[in-house]
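Structural characterization, general
Here is how the chains run, residue by residue.
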Amino acid sequence: MNNEVKSAGGLPLLLGVMGDPISQTKSPAMHGAALEAAGLAGTYVPMHVRKEQLKDAIKGIAALGFRGVNVTVPHKVDVMNYVDVVDEAAKQIGAVNTIVNDGGVLTGYNTDGIGYIRSLKEEAVADLSGKHVLVIGCGGAARGIVYALLQEKPGSVIIANRTIEKAQELADEWAHLGAISACGMEELANVLQESHIDIVVNTTSVGMYPKAGELPIPAELLSPNMVVSDLIYNPLKTELLVRAESIGCRIHNGLGMFVYQGAYAFEYWTGRPAPIEAMRTVVLNSLQV
Ligand code: ATR
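1. Quick word on helix 2 (residues 54-64)
For helix 2, the set of buried residues is L54, A57, I58, G60 and I61. Across the axial projection of helix 2, the buried residues extend over an arc of 150°, all falling on one side. Pointing more than 90 degrees away from the buried face of helix 2 are the exposed residues D56, K59 and A63. Tucked inside the fold, the buried residues of helix 2 contact strand 1 (13-19), strand 3 (68-71), strand 5 (98-102) and strand 6 (105-109). At the C-terminal side of helix 2, G65 shows a positive phi close to 80°.

2. A closer look at the domain arrangement of the chain
By the assigned domains, the chain splits into domain 1 (8-110 + 257-287) and domain 2 (113-253). One C-alpha centre belongs to domain 1, the other to domain 2, and the line joining them spans 27 Å. Between domain 1 and domain 2, the buried area comes to about 1600 Å², and carbon and sulfur atoms account for 62% of it. It is I93, M257 and Y260 in domain 1 that bury the most area against domain 2; as a group they hold 42% of the surface buried on that side.

3. Some thoughts on the packing of helix 9 (residues 255-270) against helix 10 (residues 276-288)
For the pair helix 9 and helix 10, interaxial distance at closest approach is 10 Å and the crossing angle is 135°. Taken as axis vectors, helix 9 and helix 10 run oblique relative to one another. Here helix 9 runs over helix 10; the crossing is right-handed. For the pair helix 9 and helix 10, contact is made by L255, G256, F258, V259, Y260, G262 and A263 and by I276, M279, R280, V283, L284 and L287, respectively.

Rules behind the numbers
Residues numbered from 1 in each chain as written. Predicted model: local features only at pLDDT ≥ 70, side-chain atom pairs only at ≥ 80, totals over all residues. Heavy atoms only, no water. Buried < 20%, exposed > 50% of the residue type's maximum accessible area, 1.4 Å probe, protein only. Helix = DSSP H or I, 4+ residues; strand = E, 2+ residues; numbered from the N terminus. Arc of directions from axis to C-beta. Contact = heavy atoms within 4.5 Å. Domains from an automatic or database assignment. Buried area = accessible area lost by both parts, 1.4 Å probe. Axes fitted to C-alpha atoms, helices over the stretch in contact; angles between N-to-C directions. Parallel < 35°, antiparallel > 145°, perpendicular 65-115°, else oblique. Left-handed = near helix turned anticlockwise from the far one by under 90°.

Following this line, the structure appears as structure tokens:
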């Protein structure tokens, strides 16, 4: 076993994930497989941390010599108050999902958005520059994705949301980052007729287990030239993706986002390329049992 990458004190890498609830997380299996495939000695543990314990838990990372942790629901926003440095992108997005401990200095990053974009580029659309993208929803998940997407210089980004005011606020906030606009769901048919959309991304939970079968937008609005992407990975093929595929669209599911957000975290902690296929296989197998 290669012991070059170590935690404080020369011990095997200590890694983990904090959330509430946490028992359902697939991250320990995924990162366990990644450490093994990379030949690194280390452990990745799930930690059940309640809101009122978050501050102490984060302090504990440095005290215990963890190299890093992931932070998941419901702590991604609050945790920004307890790290020493928040990376600029994470600051703009307003959420941290990965902490790196460098000699006791804790830095918070957001790998969700860049993870999604890396997955989209590697699995569906290699070059996003100039592409016209419709993003459905504008919650926390959408913020990460839209921010990372705007770094790729798309032709335009339209954010459609049930509550149009929220979409408009986000479009206004990031107007300086690119061509971004907002629309309500009832305007969607007109907007799609007028704009040539290349990629549709669902960031809402509509269609997620146990409510599989629901659609975030009417399927009639899709056309075969579109790439249709859904952040959901349970089910792996949402009703939106089933309908999109049936009319000939290229489809992309949320499994890659989960794998690549973990891949970036792994790379920040270890400085090594993440063993993507080992990570993907373990998550896929855990979904199919
Ligand atoms: P997340 O962190 O997963 O993005 P969130 O911040 O609660 O979760 O945001 C959820 C997003 O999905 C919002 O854009 C929400 O629309 P509203 O702003 O109108 O609430 C959207 N959403 C959730 N459930 C929806 C539904 N049943 N129909 C349409 N949009 C929905």
